[in-house]
Amino acid sequence: DELRRVSFAVGREGNMRERAHMTGAGSWGASVDAVNSLITDLVQPTTEVSRVLRAVAEGDLSQKVELQEPVGDTGPRSRTKSLRKLLDGMRALDAGDFRVRLEPNGDPLMAEVVEVFNRVAERNQQISDELRRVSFAVGREGNMRERAHMTGAGSWGASVDAVNSLITDLVQPT
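Definitions and cut-offs
Every chain's residues receive numbers from 1 upward, in the order its sequence appears when written. Restriction of local features to residues with pLDDT of at least 70 applies here, the model being predicted, together with a cutoff of 80 or more for giving and counting side-chain atom pairs; totals for whole chains, interfaces and linings are based on all residues. To obtain the side-chain values, all non-hydrogen atoms of the structure were used and water was disregarded. Numbering of helices and strands runs from the N terminus, with a helix taken as a DSSP run of H or I at least four residues long and a strand as a DSSP run of E at least two residues long. Burial classes follow relative accessibility: with a 1.4 Å probe on protein chains only, a residue under 20% of its type's maximum area counts as buried, one over 50% as exposed, and anything between as partly exposed. Pairs of residues are marked as contacts when any of their non-hydrogen atoms sit within 4.5 Å. Within this scheme, the nonpolar core is defined by two criteria: the residues are buried Ala, Val, Leu, Ile, Met, Phe, Trp, Tyr or Cys, and they are joined through side-chain atoms within 4.5 Å. Patch membership is restricted to residues that have no salt bridge and whose relative accessible area is over 30%. Joining uses 9 Å for like charges and 5 Å for the nonpolar side chains Val, Leu, Ile, Met, Phe, Trp and Tyr. Shrake-Rupley sampling with a 1.4 Å probe provides the accessible areas, and residues are treated as covered by the protein chains on show and by no other component. Salt bridges are identified by distance alone: a Lys or Arg side-chain nitrogen within 4 Å of an Asp or Glu carboxyl oxygen. Orientation is described by lines fitted to C-alpha atoms, with helices fitted over the stretch in contact, and by angles between N-to-C directions that extend from 0 to 180 degrees. An angle below 35 degrees is treated as roughly parallel, one above 145 as roughly antiparallel, one from 65 to 115 as roughly perpendicular, and anything else as oblique. Side-chain classes are defined by residue name, with Ala, Val, Leu, Ile, Met, Phe, Trp, Tyr, Cys and Pro counting as nonpolar, Asp, Glu, Lys and Arg as charged, and the others, Gly among them, as polar. Note: the arc covers the axis-to-C-beta directions of the helix. Each residue carries a pLDDT value, the predictor's own confidence for that position, ranging from 0 to 100. Side-chain atoms alone can form a polar contact between residues adjacent in sequence; in general such a contact is a pair of N or O atoms within 3.5 Å, and within protein one must be able to donate a hydrogen while the other accepts it.

1. So, the overall build of the chain
Part 1 of the reasoning: Looking only at helices and strands, the chain features five helices and zero strands.
Part 2 of the reasoning: Sequence-ordered secondary structure for the chain, helices as α and strands as β, is α-α-α-α-α.
Part 3 of the reasoning: Of all 174 residues assigned to the chain, the portion counted as buried reaches 36%.
Part 4 of the reasoning: Within the chain, contacts between residues separated by at least 24 positions form 51% of all contacts whose residues are at least 6 apart in sequence.

Pasting the structure below:
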């Protein structure tokens, strides 16, 4: 019953912190430890990517994904496919394609990762569009009072502030 409970909690409900609890020694205790270790190994990449995407969405671009190398392919196929799609999306973002969006697959944790990924992609698209707009308004139309506008904290806001400061410095007579 305990293993079914944990299987449902982790696999169906997406409660990635849930672990099996059984009293006993010997093989039973070793089996429970093995199941708990397997759960940790399988969810660690997803939770780590989720942590970094949250940080990036909040403007903290200093975070890096810390993944432990798995020994063999022990992950479920659906998780592997989801991570592959996430990796493909991240590669597209890295290449400058901010139009890329991911679709959730029913896994609650992956749905959260997808939501954060899509927000990051959207924010990148918005800042790119805003910089193009301001570049045209100031550089082509000569509207020297135009400035970039974007809500966001951390590096997002700092980037917009830097562009606006550059425009101000360039248009003010020295």
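2. Brief notes about the nonpolar core
Part 1 of the reasoning: Core analysis: the largest hydrophobic core is formed by 25 residues, its most contacted members being Leu53, Leu86, Leu93, Phe117 and Val120.
Part 2 of the reasoning: Secondary structure elements with two or more residues in this core: α2 (27–57), α3 (77–94), α4 (108–140) and α5 (154–171).
Part 3 of the reasoning: In terms of residue count, the dominant contributor to this core is α4 (nine residues).
Part 4 of the reasoning: With residues up to four places along the chain from it excluded, the contact list for Leu53 reads Leu86, Val113, Val116, Phe117 and Val120.
Part 5 of the reasoning: Membership of the second largest hydrophobic core comes to eight residues, among which are Met16, Ile39, Val43 and Leu109.

3. Some remarks on a nonpolar patch on the surface
Part 1 of the reasoning: Where nonpolar side chains cluster on the molecular surface, the patch consists of Met144, Leu166, Leu170 and Val171 and spans about 380 Å² of accessible area.
Part 2 of the reasoning: Among the secondary structure elements, Leu166 is positioned in helix α5.

4. Re the packing of α4 against α5
Part 1 of the reasoning: Interhelical geometry of α4 versus α5 gives an angle of 5 degrees and a closest axis separation of 12 Å. With respect to α5, the element α4 is oriented roughly parallel. Packed against α4, whose contacting residues are Val120, Arg123, Asn124, Ile127, Leu131, Val134 and Val138, the element α5 presents Trp156, Ser159, Val160, Val163 and Ile167 at the interface.
Part 2 of the reasoning: Partitioning the contact of α4 with α5 into residue classes produces nine nonpolar, two polar and one charged.

5. Examining helix α1 (residues 2–12)
Part 1 of the reasoning: Taken together, the buried positions of α1 are Glu2, Val6, Ala9 and Val10. Considered in projection along α1, the buried side chains sweep an arc of 85 degrees and stay on one side of the axis. Across from the buried face of α1, at angles greater than 90 degrees, the exposed residues are Arg4, Gly11 and Arg12.

6. Some remarks on the confidence of the model for the chain
Part 1 of the reasoning: Summary statistics for the chain give a mean pLDDT of 79 and a share of 87% for residues scoring 70 or more.
Part 2 of the reasoning: Least confident of the elements in the chain is α2, whose mean pLDDT is 75; most confident is α4, at 86.
Part 3 of the reasoning: Long-range and interchain partners of residues 70–75, a stretch whose pLDDT sits below 50, account for four contacts in this model, where long-range means more than four residues apart.

7. Observations concerning the side chain of Glu48
Part 1 of the reasoning: Examined against the element boundaries, Glu48 turns out to sit in helix α2.
Part 2 of the reasoning: We classify Glu48 as buried; its relative accessible area is 12%.
Part 3 of the reasoning: Polar side-chain contacts of Glu48 include one of 2.5 Å to the side chain of Arg51.

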